[in-house]
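Overview (structure and organization)
Each chain is listed here by its residues.
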Amino acid sequence: MNILQKLLTHNRPYTKRKKTTAIAVHWVGNAGTSAINNRNYFQTTDREVSSNYIIGLQGEIICCIPDNEVSWCTNQANSYTVSIETCHPDWTGKFSDSTYRSLVELTAHLCKKYGLHPQRGGVIRHYDVTGKVCPKWFVPSSKGGSDTADEQHWKKFLSDVAAKMGGSGTASNAAASKPSLRYDWKKGQAVRLYKAKTQLFANDTTTTPAATLPAGVYYIYDGKQCKLGRFRITTRKEYCGKKPAGKYVTGYVSVDNFQEVK
Ligand SMILES: [Zn+2]
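All values derive from a computational prediction rather than experimental measurement. (Residues numbered from 1 in each chain as written. Predicted model: local features only at pLDDT ≥ 70, side-chain atom pairs only at ≥ 80, totals over all residues. Heavy atoms only, no water.)

**Structural notes on the coordination of the zinc ion**
We count it as follows: A donor here means an N, O or S atom no more than 2.8 Å from the metal, or no more than 3.2 Å when the metal is Na, K or Ca. Since water is not included, a site may seem to lack partners. Any residue under 20% of the maximum accessible area for its type is buried, any over 50% is exposed, and the rest in between are partly exposed; the area is computed with a 1.4 Å probe on protein chains only.
Looking at the zinc ion, one finds its protein donor set to be H26 (ND1), H126 (ND1) and C134 (SG), positioned 2.1 to 2.2 Å from the metal centre. Each donor residue of the zinc ion lies on the same chain, and together they follow the pattern H-x99-H-x7-C. Across the pair, exposure class does not vary: H126 and C134 are buried alike.

**Here we look at the pairing of strand β9 (residues 230-234)**
Successive side chains on a regular strand alternate, one facing one side of the sheet and the next facing the other. Quick note on the threshold: Labels follow the DSSP assignment, with helices taken as runs of H or I lasting at least four residues and strands as runs of E lasting at least two, numbered in each case from the N terminus. Between any two strands, at least two bridges found by DSSP are needed for them to pair.
The buried fraction of β9 amounts to five of the five residues, a majority that puts the element mostly inside the structure. Across the two faces of β9 the burial is the same, with R230, R232 and T234 and F231 and I233 all buried. In the sheet, β9 pairs with strand β10 (residues 251-254) via four bridges, with the strands oriented antiparallel. Its bridge partner being in β10, R232 is matched across the sheet by Y252.

**Comments concerning the sheet that holds strand β2 (residues 22-27)**
Cut-off, in case you're wondering: All axes here are fitted lines through C-alpha atoms, helices being fitted over the stretch that makes contact, and every angle between N-to-C directions spans 0 to 180 degrees. The contact criterion used is simple: two residues touch if any of their non-hydrogen atoms lie within 4.5 Å.
What the six strands build is an open sheet, ordered β1-β4-β3-β5-β2-β6; its pairing is mixed. Where the open sheet ends on each side, the last strands, each with one partner, are β1 (3-5) and β6 (123-125). Across this sheet, the average inter-strand angle for adjacent strands is 25°, counted without regard to direction. Bridge count for strand β3 (residues 53-55) against strand β5 (residues 81-86) is three bridges, and the pairing is parallel. The residue bridging Y53 from the neighbouring strand is I84, located in β5. In the packing of helix α2 (residues 97-114) onto the sheet, contacts are made with β1, β2, β3, β4 (61-63), β5 and β6, and the angle to β5 comes to roughly 175°. Docked against the sheet, helix α4 (residues 152-166) engages β2 and β6, running at close to 155° with respect to β6.

**Topic: the pattern of salt bridges**
Rule in force here: Salt bridges are identified by distance alone: a Lys or Arg side-chain nitrogen within 4 Å of an Asp or Glu carboxyl oxygen.
Applying the stated criterion across every chain yields a total of nine salt bridges. Ionic pairing is found between E69 and R12, a salt bridge with its closest N-O pair at 2.9 Å. You can see E69 sitting in the loop between β4 and β5 and its partner R12 sitting in the loop between β1 and β2, a full 57 residues away along the chain. Comparing E69 with R12, the two get one shared label, buried. Here D184 ties to R182 by a salt bridge, and the two come within 2.8 Å at their closest N and O atoms. Note on D184: relative accessible area 39%, which makes it partly exposed.

**A word on the sheet that holds β10**
An order of β10-β9-β8-β7-β11 is seen for the five strands of this open sheet, with the pairing classed as antiparallel. Strands at the two margins of the open sheet, each flanked by one partner only, are β10 and β11 (258-260). Averaged over all adjacent pairs, the angle separating strand axes in this sheet is 40°, with direction ignored.

Here you go:
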C-alpha cells in the first residue's frame, strides 16, 4: 500500500489522540474532485475541516494528518477516531473499484494497527455519529443515502475489511499494479491523459474548469509544479518551454490525470 505524505500545516490541531476506538469513513461530497484537490482545500480554507486520510478516484492514498493526531472531520468523534475521506465520481457516492480497494486496504491496515474489529464497532460512518448522509453510498436509502434498505453496501464493506485483515493476497496484488501519483514530471515529458474528458484549468488557482481535453498524449510545458497539484501542458513536444507561454500552453491539468508514457 502506497501512502503519499502531504501533511497539512493548516487546519491541523497537532493534538495526539489519547485513545483510538474507531475508524470513521466519509465521502468528500463533491463529485469528481481528486484527492489532491481536497487535500489542498483543507490546507487553504478558513472552515475548520481536515481529515487524516483522503483516498482518490484512482485509489491513491494521501495522508494529510498522521493517524495518531486529531483531525477535524467527524464532529464529537474526532477525539477517538481516525478519519478517512473518500472521493467519488458522481453524486450517487458510489466508489470506483480502485478507490474501494484502497479504502478496504487502508481501513484493514488501521484496524490492525489499533486493534479494532470492523464488524464490532471498530469501523463507523460519519452517519453513525451525527446522522449526516456521509458517506452517501453507505447510508440507507430511507435516510437519503444510496445504500439498499438492508444496508448491504455497508455490511459488504465491513466484511471485505474483515476478510482483508484475514490476509488474502489478491487485493494487494491489484493495488501494486495501479499507477502511483507522481509530482516529478519533467519539461518535455510525454504524459497520457487517460480519461475520456480531463478538466483543463486556465490557471493554477481557479477551481472552475475552462474546458475539457480528450484522452491522448500531451507534453509537460516546463516541469514546474503549480498550485493544487497542477502542471502546465501543451500539445506538441516542440512547444515545451517556448515563449510566450500564453501562446503555447494549452492549460493547467491536475497530476492525478497523468499516466506515464513508456
Ligand atoms: Zn463525513
